[in-house]
Amino acid sequence: MANGILVWALISAVLAPFVRLVSIVIKARSNGVKAVGFFHPYTNDGGGGERVLWCSVKAVQEERPHLECVVYTGDHDASPGSLMLRAVDRFGVKLLYPPKVVHLHKRKWIEETTYPHFTMIGQSIGSVYLSWEALCKFTPLYYFDTSGYAFTYPVARMFGCKVICYTHYPTISLDMLSRVRDRSSMYNNDALIAKSVWLSRCKVMYYTFFSWLYGIVGSCAHLAMVNSSWTQSHIEKLWRIPGRIKRVYPPCDTSGLQVLPLERSVEPSKVISVAQFRPEKAHMLQLEAFAVVISKLDEDLRRPKLQFVGSCRNKPDEERLQKLKDKTVELKLEEDVEFYKNLTYKDLVQLLGGAIAGIHSMIDEHFGISVVEYMSAGAIPIAHNSAGPKMDIVLEENGERTGFLAQTVQEYADAMLKVVRMEESERLKMAAAARSRAQRFSEQRFYDDFKAAVRPVLGEATS
C-alpha cells in the first residue's frame, strides 16, 4: 500500500508541471484577444529592424483598424506614449494611435553575453522562454515576430496564434556553414576554431543540427516576409515553405531624403557610416581604410572627415565604440573622425545631407537600409560586395553606375579616394543615378507590399 502511494506521489510530481503548462496554454487560448502582438524585445536598438517594427505597426493600424496593436518589449521605461513619440523622432513614422505595451522581464535570456559559447542555440532556447512570458501575459490572435526569433513560432502556435514574421536574415545560413568548413576566421567563427580541423568539424555538426532545427521551427510560420533576394533564397532552402514566403523590401526613408539637394559643400568632404555598433558591422575595417585614404591623399586636397553614426544596444556595443575611439587616437585621426551616438532622426538627416559618400562593410548584409538611405540622400554608396547590396541595391540604373562595391581595406580605401577626387559633375551624375535607384525601396512601396502580403492571413479570422 505504501509503495503504491509512493509511486502515485512520484507520478503526480512528474506530471504536475506538465499539467500546469497545459492548463496555462488552454486558459490563454480561451482568452485570446483580437490583437496583433509584435515580438520586439529591443525597442530602442535604433536600427533598420526598429524602423520595420514601427512601419509594420502603422500598416496594420491602417489595414485593420479594429485590431489592437501590442508591443512586447524588454525596455522597462517604454510606455505607449513614449514609443509613439520615438517612432516619430527616430524614424519619422507617425502611428495612428499608441500601441499597448507588454513589459518582459526575462530578456537577459536572449542576451549574447549570457552565452559565451553555443550562442545561437542558447539565445534560441532563451527566446522560447521569453516568448512564453510574453504570451502568458497577453495572448493575441496574431503573433508577429519582427526580430528574427524563429524558435518562438511553435510556442505561439501552441497558444493558438497565427504566426507572421518579417525576417531580416536567417539565424544560420548556408554561407555560415561553408565558412566553417573552409575554416575562415571572422566575428562568428573564432580563430581558435578556424585553426583546428577537429573543432571545425564539431562546429559543422553543430551548425548542421541547428539548421535542421531552424528549418522545423521556421516552417511553423503562416506567413514569412523576407527583406531581400539573398534572405529569400536562404529561407526557402531552410524552411521549405516557398508558398508562404513573400519578399517585401524594408521601408527606407527615400521621400524625406530625396528632397535634400545633391549639391553640397565638399570642403571638407564627408564620408558617413550609419550602423549600430555591432561586431558584424565591421567599423574597424572602415577606420583602417580611412587611414589609408589619409595617407594617400593628394597634397592639394583638404583632409576629408569620417563620421560614425550609430546606436548601442548594450555594454558590449559600448565597449566596441570605445575601442573604435581608442583606435582613432592610435592612428592619429582624432581631428578627422567624428562619433555620433543615438542621434535623432532629424539630426541624422542633417548629417546625410552633408555627406558625399556613405560607407557600409557588413559581410552578407541581408539587405542594407543604410545603403539605400545614402543613395536617397545623395551620398554615393560604398558597400560590401555581397548579399543585399550586391544583389538588390548597388546596381546600374538606366545604364548609369550608382556606387561602389568593396571587400578589403584597400578596396574601400580606393573607392573613397575615387569619390573624394571626383569632379563635381561626375559626382552629381552618379549621385542622381543612385537616388533614382533608391526610389525602388520607398516606405510607400513597403506599405503596399506589406499590406498585400498580410491581407489574406489577417482576413482569415476577421471575415
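Check the entry above for the structure.
Residues numbered from 1 in each chain as written. Predicted model: local features only at pLDDT ≥ 70, side-chain atom pairs only at ≥ 80, totals over all residues. Heavy atoms only, no water.

Undergrad: Honestly, helix H13 (residues 345–352) in this entry has me stumped. Any pointers?
TA: Count 3.6 residues to each turn of an α-helix, and residues three or four apart come out pointing the same way. All of the buried residues along H13 are Tyr-345, Leu-348, Val-349, Leu-351 and Leu-352. End-on, the buried residues of H13 take up no more than an arc of 165°, which puts them together on one face. Away from the buried face of H13 by more than 90 degrees, exposed residues Lys-346 and Gln-350 are located. (Buried < 20%, exposed > 50% of the residue type's maximum accessible area, 1.4 Å probe, protein only. Helix = DSSP H or I, 4+ residues; strand = E, 2+ residues; numbered from the N terminus. Arc of directions from axis to C-beta.)

Undergrad: What's the story with unusual backbone geometry in this structure? I'm lost.
TA: Working note: non-glycine residues mostly have negative phi, and peptide bonds are mostly trans. Residues other than glycine seldom take positive phi values, yet Arg-240 does so here, at roughly 60°. Among the secondary structure elements, Arg-240 is positioned in the loop between helix H9 (229–239) and strand S7 (245–247). For Arg-240, a relative accessible area of 68% translates into the label exposed. Even without being glycine, Ala-282 reaches a positive phi, approximately 55°. Relative to the assigned elements, Ala-282 resides in the loop between strand S8 (270–274) and helix H11 (283–296).

Undergrad: Where do I start with the sheet that holds strand S11 (residues 357–359) in this structure?
TA: Paired through their backbone hydrogen bonds, the strands of a sheet run either parallel or antiparallel. Strand order in the open sheet made by the six strands is S10-S9-S8-S11-S12-S13, with parallel pairing throughout. Each having just a single partner strand, strand S10 (337–341) and strand S13 (404–406) make up the two edges of the open sheet. Averaged over all pairs of adjacent strands, the angle between their axes in this sheet comes to 20°, without regard to strand direction. The pairing of strand S9 (residues 305–310) with S10 spans five bridges and is parallel. The residue of S10 that forms the bridge with Gly-310 is Lys-341. Where H11 meets the sheet, it contacts S8, S9, S10 and S11, and its direction lies at approximately 170° from that of S9. The strands touched by H13 within the sheet are S8, S9 and S10, with S8 carrying the most contacts at an inclination of about 145°. (Pairing = 2+ DSSP bridges. Axes fitted to C-alpha atoms, helices over the stretch in contact; angles between N-to-C directions. Contact = heavy atoms within 4.5 Å.)

Undergrad: Got a minute to help me understand the environment of Val-60 in this structure?
TA: Counting through the fold element by element, Val-60 comes out in helix H2 (residues 48–63). By relative accessible area, which is 2% here, Val-60 ends up buried. Counting along the chain gives 387 residues from Val-60 to Tyr-447, while the straight-line C-alpha distance between them is 9.4 Å.

Undergrad: Any chance you could explain helix H3 (residues 80–91) here in plain terms?
TA: If you check H3, its first and last C-alpha atoms are 16 Å apart, about what twelve residues at 1.5 Å a residue would give, namely 16 Å. Packed against the buried residues of H3 are H2, strand S2 (68–73), strand S3 (100–103) and H13. Positive phi appears at Gly-92, one or two residues downstream of H3, with a value of about 70°. (Expected span 1.5 Å × (residues − 1).)

Undergrad: In this structure, what is going on with the environment of Phe-404? I would like to understand it.
TA: Along the chain, Phe-404 turns up in strand S13. As for Phe-404 and Met-416, which are separated by twelve residues in sequence, their C-alpha atoms are 9.1 Å apart. Apart from the residues within four sequence positions on either side, Phe-404 is in contact with Ile-380, Pro-381, Ile-382, Ala-383, Val-394, Ala-415, Lys-418, Val-419, Met-422 and Met-430.

Undergrad: Looking at this structure, how should I read the packing of aromatic side chains?
TA: Each aromatic ring pair is summarised here by two numbers: the centre-to-centre distance and the angle between the ring planes. Under the definition given, this model contains 21 aromatic pairs. Taken together, Phe-38, Phe-144, Tyr-166, Phe-446, Tyr-447 and Phe-450 form an aromatic cluster joined through their ring pairs. (Phe/Tyr/Trp six-rings, centres within 6.5 Å; stacked < 30°, edge-to-face > 60°.)

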